[in-house]
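In case you want the letters, here they are:
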Amino acid sequence: MSGVAQEQLHSISRSAAWGALEAHARELGPHHLRELFAADAGRGERLAIDAIGIYLDYSKNRITDETIRLLLALAEEASLRERIDAMFGGDKVNVSEDRAALHVALRAPRNAVFRVDGDNVVPEVHAVLDRMAGFCDRVRSGAWRGHGGKPIRNVINIGIGGSDLGPVMAYEALRHYSRRDLRFRFVSNVDGTDFAEATRDLAADETLFIVASKTFTTQETMTNARSARDWTLAAFGGEASAVARHFVAVSTNTDAVTAFGIAADHMFGFWDWVGGRYSMDSAIGLSTMLAIGPDHFHAMLAGFHAMDEHFHGAPFEANLPVLMGLLGVWNNNFLGARTLAVLPYEQYLKRFPAYLQQLTMESNGKRVRLDGRPVGCETGPIYWGEPGTNGQHSFYQLIHQGTRLIPCDFIAFGESLNPLGAHHELLLANVLAQSEALAFGKTADEVRAEGTPEELVPHRVFEGNRPSNTLLLERLTPAALGTLVALYEHSVFTQATIWNIDPFDQWGVELGKQLARRIVPELSGDAAPAHDSSTNALIRRCRALRAGRT
Ligand code: F6P
């Protein structure tokens, strides 16, 4: 890259492409989506992409063809093509941790080649997948027995962050395909209530724990894992050998796993080039594979892979993650949106927004660029959401008539996995109605024409002009889930590339962890706590509450 391009890359918000988008946003500002649609009969079909089973309608964004042209120019200025090649090539794109981010290798077919430090990692990936499949078959068939000789009926995944959110989201999303005679629970919070409620009605001799932790040092996970070990041993009169039949681990840290008492052959590994929030398709997905079986798991991986190939190969103007990412940049940086609502009209995706919160916000919640200098523009927006139609009777009011601009991603499926009377028709009608209402609103004249008393007219006006994407898929299959997750992963990467930030580190979680370690002994000791006056007072009050006096 030339010196000039390098400098432009460092200061994207001062680049010509950025300036052109700012000017374009000012010009486009007064034009309502009503006008844009009225002036262009083909808009609704032209501003859409149909690829690998996802139909993305992005026509209800405040954009024109010119916006897309300028956003694509911005992507070029940010060297998006080169960055994608670097990620797929196993380069150390996670600069602050000096690591590759090669999650695309986790879903590559057996004969593919992805290299880290010169070595093809695909054979190792498939060796672990094969071991996982063997283990899952044994548990699912009842061949794997607990210490007391009983088959496993309950599986509890202990993990947090990426070692929890992916597994729990995928379990809920693919529940339709899961073994209903196995019970799955997920314990993440260090709050003892999480563990207590997850285990209170279970028999330890039928329960398998998966301790899922990339580092195997995470405070919450290790605390829960120790409680799980105590709970299991208590049921077996303290026989330490019971651990071997009731615990397996998923980790990159063999020493810590064996020190905990789990044999290395009951450990499923992954690698430092897999980020926590990019790991649900690695061995971290063991609970998913136990629930849906190896064949469905492989179908999910194939869905991920199809999106990877599309992202890597499709021209940017027809590339789903690139366009979704760029539209996010447009809304965030040029229209001033601060948040994005993810609204799946599919009950099985109820945990998808929570999953996306880690993926998007731990990735792109950064304030410095790759070179450590301040980023100079807004970065990742706040992601949030709930499944439709529930949200319609809750927070949609603010999206329709509030003062803030909240772009929405609507996700819907043509077919229901549980066809029941008119339910699905109503669900689909609602999702389509919401994006229409947001875009076009209802004018004062339209409100008056309904006979509304004049004093109520302002209350009943819908301003409209509120942007949304609609993602329409055929039905929620394991493959469809894989394509959806990979779509968001790569869209996050596209945005990080524009902002020139590292989406693969998460230093922002460290300070709280350090301080919590310092505060633990202070909660029970007598020594004066050594923090600011607020924290000191709170520590003293906690001590008093714990001692039963205020
Ligand atoms: O929250 C920080 C984080 O490192 C996440 O990125 C990660 O997913 C989570 O903690 C859990 O980490 P581990 O899998 O190492 O227990």
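**A few points about the sheet that holds strand S10 (residues 339-345)**
Alright, step 1. One open sheet holds the six strands; their spatial order is S1-S2-S13-S12-S10-S11, and the pairing between them is mixed. Here the strands that pair on one side only, and so sit at the sheet edges, are strand S1 (48-51) and strand S11 (382-384). Each strand of the sheet is rotated relative to its neighbour by a mean of 15°, with strand direction disregarded.
Alright, step 2. Relative to strand S13 (residues 468-473), strand S12 (residues 408-413) is paired through six bridges, and the arrangement is parallel. Each bridged residue has a counterpart across the sheet, and for Cys408 the counterpart in S13 is Ser468.

**Describing the sheet that holds strand S8 (residues 247-251)**
Alright, step 1. With respect to topology, five strands assemble into an open sheet ordered S6-S5-S7-S8-S9, the strand pairing being parallel. If you trace the sheet from one side to the other, it starts and ends with strand S6 (183-187) and strand S9 (267-269), each paired once. Averaged over neighbouring strand pairs, the angle between their axes works out to 20° when direction is ignored.
Alright, step 2. Both strand S5 (residues 154-158) and strand S7 (residues 207-212) contribute to a ladder of five bridges, which runs parallel. Counted as the bridge partner of Asn154 is Thr207 from S7.

**Here's the deal with the nonpolar core**
Alright, step 1. In terms of nonpolar packing, the biggest core is built from 131 residues, with Trp273, Phe352, Leu481 and Leu484 touching the most fellow members.
Alright, step 2. A per-element tally of this core places helix H20 (residues 478-499) first, with twelve residues.
Alright, step 3. Excluding anything up to four places from it in sequence, Leu481 contacts Met169, Ala170, Ala173, Leu174, Met280, Met300, Leu349 and Leu476.

**Considering the pattern of salt bridges**
Alright, step 1. Per the counting criterion, the structure on display carries 24 salt bridges.
Alright, step 2. Close ionic contact of Glu172 with Arg175 constitutes a salt bridge, the shortest N to O distance being 3.0 Å.
Alright, step 3. On the basis of relative accessible area, Arg175 is assigned to the partly exposed category, the value being 30%.
Alright, step 4. Lys513 is the salt-bridge partner of Glu510, the closest N and O atoms lying 3.6 Å from each other. Taken as a pair, Glu510 and Lys513 lie in helix H21 (residues 510-524) at a separation of three residues, close to a single helical turn.
Alright, step 5. Each of Arg107, Asp281, Asp308 and Glu489 takes part in a single network of salt bridges with overlapping partners.

What counts, and at which threshold
Residues numbered from 1 in each chain as written. Predicted model: local features only at pLDDT ≥ 70, side-chain atom pairs only at ≥ 80, totals over all residues. Heavy atoms only, no water. Pairing = 2+ DSSP bridges. Helix = DSSP H or I, 4+ residues; strand = E, 2+ residues; numbered from the N terminus. Axes fitted to C-alpha atoms, helices over the stretch in contact; angles between N-to-C directions. Core = buried A, V, L, I, M, F, W, Y, C linked by side-chain atoms within 4.5 Å. Buried < 20%, exposed > 50% of the residue type's maximum accessible area, 1.4 Å probe, protein only. Contact = heavy atoms within 4.5 Å. Salt bridge = Lys/Arg side-chain N within 4 Å of Asp/Glu carboxyl O.

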